[in-house]
Amino acid sequence: MDAETMKMLAAGLCMGLGAIGPGIGIGILAMGAMQALGRNPEARGPIMTNMILGIAFAEAVAIYALVVAVVLIFVA
Amino acid sequence: MPKKGCLGCSFPVVIGVLVVLLALTVISLLSGALGSSFFGDLGLPNWLSVGAPHVQLPAEGIFHIGDFTVTNTLLASWLSIIVLVVLAWAVTHRIRLIPSRLQSLIELALEWMLNLCQDVAGEKNGRRFFPIVTTIFLFVLMNAWLSLVPGFGSILITGAEGEPIYLLRGANTDINMPLALALISFIFVEYLGIRSHGGLGYMKKFIRVGQFSRGVGQLFRGKLRAGFGRLFNGAIDIFVGALEALSELVRVLSFTFRLFGNMTGGEILILMMIFLAPWILAIPFYGLELLVGLVQAIIFGGLTLVFATVAVAHHEEESA
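Everything numeric in this text was worked out from a predicted model, so none of it was measured.

1. As for the overall build of chain A
1) Next: Helix and strand counts for chain A stand at three helices and zero strands.
2) Next: Starting at the N terminus and walking to the C terminus, you meet the elements of chain A as α-α-α.
3) Next: For 76 residues, the compact-globule estimate of 2.2 N^0.38 gives 11 Å, and the C-alpha radius of gyration of chain A, at 17 Å, exceeds that figure by more than 25%.
4) Next: Relative to its full complement of 76 residues, chain A shows a buried share of 12%.

Here you go:
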């Protein structure tokens, strides 16, 4: 298998596997936020703000995987 | 008889707009890569076809000032600085007690930011952190949103080797700009911590040899069991301190790559969508980019705020 094929394969695997964790994490975060919202609809402001903050943290890990995949395809 | 219509426009206008939208959708589906893979070469005019996106991570230089290369991302960041300064001047050069419309809009944004700072950091500290946090927020936001304005990415000039390069490119997509902002945020947080705790006091958070040395002292005094227990806890404490120091340093990297990755990923995504089906497929992703730009700006400023609050907070010393 030559280097070009290997790089494509690596980039695909990198982004694919790297998105599993953050996907599950964001789902759990949103589930917690929905439950909290269901119990206390009046606290919508703080709940949504903190949920967005937590989601951005979890998403950052997926973005690290994206950066590695992009570097594999376009730079390496 | 009231004018019948939809969304405030008369029926002919609505039908006209719908027809134009449908035509644009069909043309874009046919002329992009999707269309050419389904229908083959339809012989559409040359100006309708979009070339495959050529992504280049380092920024391209435009001109040189002496030895210093001015890249297109630097030009874009100068543009956003100019826009912010002109906006600030326009709002404040005739500032009134009963605000004009632009002034009340900017006051809305700034007051929201001040409330966020004071909610997270408390009254006094919130006011103290407000300038840097809001500057970071506005700069990142303006960089991200200016690159979505139509016409921003369309100005092409010929580079040194004759290849076409873009005159302007979103400043957040150059890794140097998020790195610079992350370093500024890091220095800001460390400076605040050192100023409020004293140099040695702040270092004590990372170099925690207190318990370890107390354990050694107890061993020398003959209390073996208590000494070993405290030695063990002291070793864990030293490890935790080193881990805290490491996480402070990794913060710089995490800030950089979060902003850079989000912005570059968004730009590549829009380029790919424009390549697939030029107009129709890019529109939802433009909306996504607007949202992502705003969220990333809030995240950068908000995280700086949170880390500064943690650095200034006086921890209660746990008595062993």
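Okay, back to it.
2. Overview of the overall build of chain B
1) Next: Within chain B, the secondary structure is distributed over ten helices and six strands.
2) Next: Against the 2.2 N^0.38 benchmark of 20 Å for 320 residues, chain B shows a C-alpha radius of gyration of 28 Å, more extended than a compact globule.
3) Next: Projected onto its principal axes, the C-alpha positions of chain B cover 95 × 55 × 50 Å.
4) Next: Going through the 320 residues of chain B one by one, you find that 24% of them count as buried.
5) Next: If you take every contact in chain B between residues at least 6 apart in sequence, the share linking residues at least 24 apart comes to 66%.

3. Observations concerning the pairing of strand β3 (residues 61–65) of chain B
Residues and elements named next belong to chain B.
1) Next: When β3 meets strand β4 (residues 68–71), the two strands line up antiparallel, connected through four bridges. For Ile65, the partnering residue across the bridge sits in β4 and is Phe68.
2) Next: With antiparallel pairing between neighbouring strands as the criterion, β3 and β4 make up a hairpin whose turn holds two residues, including Gly66 at a positive phi of roughly 65°.

4. Remarks on the interface of chain B and chain A
1) Next: Counting from both sides, the interface comprises 13 residues of chain B and, opposite them, eleven residues of chain A.
2) Next: The set of elements that each furnish at least two residues to the side of chain B that touches chain A consists of α9 (224–276) and α10 (282–312) of chain B.
3) Next: With eight residues, the top contributor of residues to the side of chain B that touches chain A is α9 of chain B.

5. So, the confidence of the model for chain B
1) Next: Averaged over all residues, the pLDDT of chain B equals 85, while 94% of them reach at least 70.
2) Next: When the criterion is pLDDT under 50, residues 316–320 of chain B qualifies, and its contacts beyond four places in sequence or with other chains add up to three contacts.

6. Description of the packing of α9 of chain B against α10 of chain B
Residues and elements named next belong to chain B.
1) Next: It is the contact of α9 with α10, at a shortest axis distance of 10 Å, that shows an interaxial angle of 175°. The pairing of α9 with α10 is recorded here as roughly antiparallel in orientation. Every residue of α10 that contacts α9 at Arg251, Phe255, Leu259, Asn262, Gly266, Leu269, Ile270, Met273 and Ile274 is listed here: Ala282, Phe285, Tyr286, Glu289, Val292, Gln296, Phe300 and Phe307.
2) Next: Classifying every residue of the contact of α9 with α10 by side-chain character gives twelve nonpolar, three polar and two charged.

7. Here we look at the nonpolar core
A general trend in soluble globular proteins is that nonpolar side chains are found buried together.
All names here are of chain B.
1) Next: The biggest cluster of nonpolar side chains holds 44 residues, and the ones touching the most others in it are Cys117, Ile136, Phe137, Val140, Phe300 and Ala308.
2) Next: Considering every element that reaches this core, the biggest residue donor is helix α5 (residues 123–146), with nine residues.
3) Next: Apart from the residues within four sequence positions on either side, Ile136 is in contact with Leu181, Ser185, Phe300, Gly301 and Thr304.

8. Description of the environment of Phe307 of chain B
All names here are of chain B.
1) Next: You can see Phe307 is positioned in helix α10.
2) Next: Given 20 C-beta atoms within 10 Å, Phe307 falls into the buried group.
3) Next: For the pair formed by Phe307 and Pro12, sequence separation is 295 residues and the distance between their alpha carbons is 57 Å.

9. Regarding the packing of helix α3 (residues 72–92) of chain B against α5 of chain B
Residue and element names in this part refer to chain B.
1) Next: Two elements in contact, α3 and α5, have axes separated by 9 Å at closest approach and are oriented at 115°. Where α3 crosses over α5, the handedness of that crossing is right-handed. Within the contact between the two elements, α3 uses Ala76, Ser77, Leu79, Ser80, Val83 and Leu84 and α5 uses Leu138, Phe139, Met142, Asn143 and Leu146.
2) Next: Broken down by class, the residue content of the contact of α3 with α5 amounts to eight nonpolar, three polar and no charged.

10. Points about the confidence of the model for chain A
1) Next: Averaged over chain A, the pLDDT score is 90; the fraction of residues at 70 or greater is 100%.
2) Next: Mean pLDDT values over the elements of chain A span from 85, in helix α3 (residues 44–74) of chain A, up to 95, in helix α2 (residues 20–39) of chain A.

11. Some remarks on α3 of chain A
The periodicity of an α-helix, 3.6 residues per turn, causes residues three or four places apart in sequence to face the same way.
1) Next: Here α3 of chain A is 31 residues long and its end C-alpha atoms lie 43 Å apart, about the 45 Å a rise of 1.5 Å per residue gives.
2) Next: Listed in full, the buried residues belonging to α3 of chain A are Ala56, Glu59, Ala62, Ile63, Ala65, Leu66, Val67 and Ala69 of chain A.
3) Next: The secondary structure elements touched by the buried residues of α3 of chain A are α1 (3–18) and α2 of chain A together with α9 and α10 of chain B.

What counts and what doesn't
Residues numbered from 1 in each chain as written. Chains lettered and ligands numbered in written order. Predicted model: local features only at pLDDT ≥ 70, side-chain atom pairs only at ≥ 80, totals over all residues. Helix = DSSP H or I, 4+ residues; strand = E, 2+ residues; numbered from the N terminus. Rg over C-alpha atoms; globule rule 2.2 N^0.38 Å. Buried ≥ 20, exposed ≤ 12 C-beta atoms within 10 Å, placed from the backbone. Contact = placed C-beta atoms within 7 Å. Pairing = 2+ DSSP bridges. pLDDT = per-residue confidence, 0-100. Axes fitted to C-alpha atoms, helices over the stretch in contact; angles between N-to-C directions. Parallel < 35°, antiparallel > 145°, perpendicular 65-115°, else oblique. Nonpolar A, V, L, I, M, F, W, Y, C, P; charged D, E, K, R; others polar. Core = buried A, V, L, I, M, F, W, Y, C linked by C-beta atoms within 7 Å. Left-handed = near helix turned anticlockwise from the far one by under 90°. Expected span 1.5 Å × (residues − 1).

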